[in-house]
Amino acid sequence: MEQREVSEDAVLTRIGQAVMLLHGGDREEARNRFGELWAEIGESGDPLHRCTLAHYMADTQDDPGDELAWDLRALTAAEGPATAGTSSAVRAFYPSLHLNLAADYLKLRRPDAARLHLSRARAAVNVLGDDGYGDGVRTAIGRLERQLLDDRP
């Protein structure tokens, strides 16, 4: 059991290292590393790893359709039946997952789908803490809500 915890920590560490590359502006290298990790953990890997990895992999995509596909993979991992042991950690992703999906659908000019996911993001904000991350997600939800209102015919 201890060995499994170490290996899971190693996966999260590697995801974190690729996230640092992404935030540092090296999207291509981050995408390559995320791709290698995805191949290693696979579709049946730990749901928290799959959710986290797909959530960040979406941010490395150039095509909005590809970004949507990765965000949908993240949501699928979060909603899967195997998330029982990691449910609180995965649940904390829901506001951001739905926010990202709303943004994806808006880029793809599908405002109804964007509104649906924005509503789900807003409904899930109670899991966020009163910290910088939570404040940032709540602010981004508000910003996207205003953008959708401005874009109404």
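The present account deals with the structure reproduced in this document.

Reading the values: the criteria
Residues numbered from 1 in each chain as written. Predicted model: local features only at pLDDT ≥ 70, side-chain atom pairs only at ≥ 80, totals over all residues. Heavy atoms only, no water. Helix = DSSP H or I, 4+ residues; strand = E, 2+ residues; numbered from the N terminus. Expected span 1.5 Å × (residues − 1). Buried < 20%, exposed > 50% of the residue type's maximum accessible area, 1.4 Å probe, protein only. Contact = heavy atoms within 4.5 Å. Axes fitted to C-alpha atoms, helices over the stretch in contact; angles between N-to-C directions. Parallel < 35°, antiparallel > 145°, perpendicular 65-115°, else oblique. Left-handed = near helix turned anticlockwise from the far one by under 90°. Nonpolar A, V, L, I, M, F, W, Y, C, P; charged D, E, K, R; others polar. Phe/Tyr/Trp six-rings, centres within 6.5 Å; stacked < 30°, edge-to-face > 60°. Lys NZ or Arg CZ within 6 Å of the ring centre and 35° of its normal. Salt bridge = Lys/Arg side-chain N within 4 Å of Asp/Glu carboxyl O. Core = buried A, V, L, I, M, F, W, Y, C linked by side-chain atoms within 4.5 Å.

## Details of helix 6 (residues 94-107)
Between its first and last C-alpha, helix 6 extends 20 Å over 14 residues, near the 20 Å set by a 1.5 Å rise per residue. Among the 14 residues of helix 6, 12 are classified as buried, and the element is accordingly described as predominantly covered. The complete set of buried residues in helix 6 reads Tyr 94, Pro 95, Ser 96, Leu 97, His 98, Leu 99, Asn 100, Leu 101, Ala 102, Asp 104, Tyr 105 and Leu 106. Taken from the residues just after helix 6, Arg 109 is the one with a positive phi, measuring 60°.

## Focus: unusual backbone geometry
In the Ramachandran plot, Arg 109 falls in the positive-phi region, its phi being about 60° despite a non-glycine side chain. Structurally, Arg 109 is set in the loop between helix 6 and helix 7 (111-124).

## A word on the side chain of Glu 67
On the secondary structure map, Glu 67 appears in helix 4 (residues 64-79). Given a relative accessible area of 12%, Glu 67 falls into the buried group. Residues contacting Glu 67, with those up to four places away along its chain left out, are Ala 58, Asp 59, Gln 61, Asp 104 and Lys 107.

## Describing the packing of helix 6 against helix 8 (residues 132-150)
Close contact between helix 6 and helix 8 brings their axes to 10 Å; oriented N to C, the two are set at 30°. Looking at the two axes, helix 6 sits roughly parallel to helix 8. For the pair helix 6 and helix 8, the sense of crossing is left-handed. Between helix 6 and helix 8, the residues in contact are Pro 95, Ser 96, Leu 99, Ala 102, Ala 103 and Leu 106 and Tyr 133, Val 137, Ala 140, Ile 141, Leu 144, Gln 147 and Leu 148, respectively. A breakdown of the residues in the contact of helix 6 with helix 8 according to their chemical character gives 11 nonpolar, two polar and no charged.

## Some remarks on the packing of aromatic side chains
To describe a pair of aromatic rings, one takes the distance between the centres and the angle between the planes. Applying the stated criterion to the full structure yields one aromatic pair. Arranged with centres 5.1 Å apart and planes meeting at 85°, the rings of Trp 38 and Trp 70 form a pair that is edge-to-face. Here Trp 70 lies in helix 4 and Trp 38 lies in helix 2 (residues 27-41), a separation of 32 residues in the sequence. The class for Trp 70 is buried, based on a relative accessible area of 12%. A cation over an aromatic ring shows up here: Arg 73 above the ring of Trp 70, its NZ or CZ 4.2 Å from the ring centre.

## Looking at the packing of helix 7 against helix 8
Helix packing for two helices is described by the angle between their axes and how far apart those axes are. For the pair helix 7 and helix 8, the least separation of the axes is 11 Å and the interaxial angle reads 150°. What the angle tells us is that helix 7 and helix 8 run roughly antiparallel. Crossing hand, helix 7 versus helix 8: left-handed. Along its contact with helix 7, which presents Pro 111, Ala 114, Arg 115, Leu 118, Ala 121 and Arg 122, the element helix 8 presents Arg 138, Ile 141, Gly 142, Leu 144, Glu 145 and Leu 148.

## Quick notes on the pattern of salt bridges
Taken as a whole and judged by the stated rule, the model has nine salt bridges. Between Glu 40 and Arg 14 there is a salt bridge; the shortest N-O distance is 2.8 Å. Taken together, the positions of Glu 40 in helix 2 and Arg 14 in helix 1 (residues 2-23) put the pair 26 residues apart, joining distant regions of the chain. The partner of Arg 115 in a salt bridge is Asp 112, with the nearest N and O atoms 3.4 Å apart. One end of the pair, Arg 115, and the other, Asp 112, are both in helix 7, three residues apart, so they sit about a helical turn from each other.

## Examining the nonpolar core
Taken as a class, soluble globular proteins show a tendency for nonpolar side chains to be buried jointly. Membership of the largest hydrophobic core comes to 43 residues, with the highest contact counts inside it found for Ile 15, Phe 34, Leu 53, Leu 97, Leu 99, Leu 118 and Ile 141. The set of elements that each furnish at least two residues to this core consists of helix 1, helix 2, helix 3 (47-58), helix 4, helix 6, helix 7 and helix 8. The biggest single contributor to this core is helix 6, with seven residues. With residues up to four places along the chain from it excluded, the contact list for Leu 99 reads Leu 118, Ala 121, Val 137, Ala 140, Ile 141 and Leu 144.

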